[in-house]
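Chain by chain, the residues run as shown.
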Amino acid sequence: MNPRMASLVVCAWLVACGGSELPQLSYAGWSERVASSACAYEARCGALTVSREQCEADVIAAYAAVEPDLSRADTGAKAGCVQCMRVRIDVLDAAVASGCQQAPDEARLRASCGVDDAACMGVP
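Residues numbered from 1 in each chain as written. Predicted model: local features only at pLDDT ≥ 70, side-chain atom pairs only at ≥ 80, totals over all residues. Heavy atoms only, no water.

**Student:** Even after reading the chapter, I still don't get the nonpolar core, so can you show me in this structure?
**Tutor:** One recurring pattern in soluble globular proteins is that nonpolar side chains are buried together. Counting 21 residues, the largest nonpolar core has Tyr27, Val34, Val59, Tyr63, Cys81, Met85 and Cys120 as the members making the most contacts within it. Listed by contribution, the elements that provide at least two residues to this core are helix 2 (27-45), helix 3 (52-72), helix 4 (77-97) and helix 5 (106-113). For this core, the leading source of residues is helix 4, giving seven residues. Ignoring any residue separated from it by four or fewer positions in sequence, one finds Val59 in contact with Val34, Ala35 and Cys39. Counting five residues, the second largest nonpolar core, distinct from the first, contains Ala38, Leu92, Ala95 and Val96. (Core = buried A, V, L, I, M, F, W, Y, C linked by side-chain atoms within 4.5 Å. Buried < 20%, exposed > 50% of the residue type's maximum accessible area, 1.4 Å probe, protein only. Helix = DSSP H or I, 4+ residues; strand = E, 2+ residues; numbered from the N terminus. Contact = heavy atoms within 4.5 Å.)

Set out below in C-alpha cells:
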C-alpha cells in the first residue's frame, strides 16, 4: 500500500471510530443539559408552572449558585455533582422517552445524588 493510501485508510478509521464517549462539558454545560432534561420532563410529565425558558433559567441559576461552594469543598465535590447531573439527565430522559409511563428511577438518583440531592448541595 502506498503512503498516500495508508494515510487515507488511517484517516477513515479515525473518523469512523471517533468514539461514543459523552462530551467533556464544563460544569455550566452539564447544568444546561440537566436543565433542559428537567424542564422537558416537567413540561411533559409533570406540572410545569412557568415557561420552559424560565424553568431552564431557574435550574441553571440554581446550579450556578452552588458552583463556588462545590469548588471550595473537598476534592471531587464538583465532579460528584456533575456525575449526579449526568444520572439525572439519563433518568429524566428515559421517563420522557417512555411517554411518561416510566417514573424516574429514584433509587438510582438517590445512589448518585445522595439524600436530598446532597451531591449538588440540594439542587435537584
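**Student:** For this particular structure, what's the right way to read the layout of surface pockets?
**Tutor:** If you add up the space inside the largest pocket, you get close to 330 Å³. Within the residue set of the lining of the largest pocket, elements represented by two or more residues are helix 2, helix 3, helix 4 and helix 5. At four residues, helix 5 tops the list of elements feeding residues into the lining of the largest pocket. A class-by-class count of the residues in the lining of the largest pocket yields eleven nonpolar, one polar and six charged. (1 Å grid on protein atoms, 1.4 Å probe; cavity = no way out; pocket = protein on both sides within 12 Å on 5 of 7 lines; lining within 4 Å. Points joined across faces, edges and corners; volume = space filled by probe spheres on them. Nonpolar A, V, L, I, M, F, W, Y, C, P; charged D, E, K, R; others polar.)

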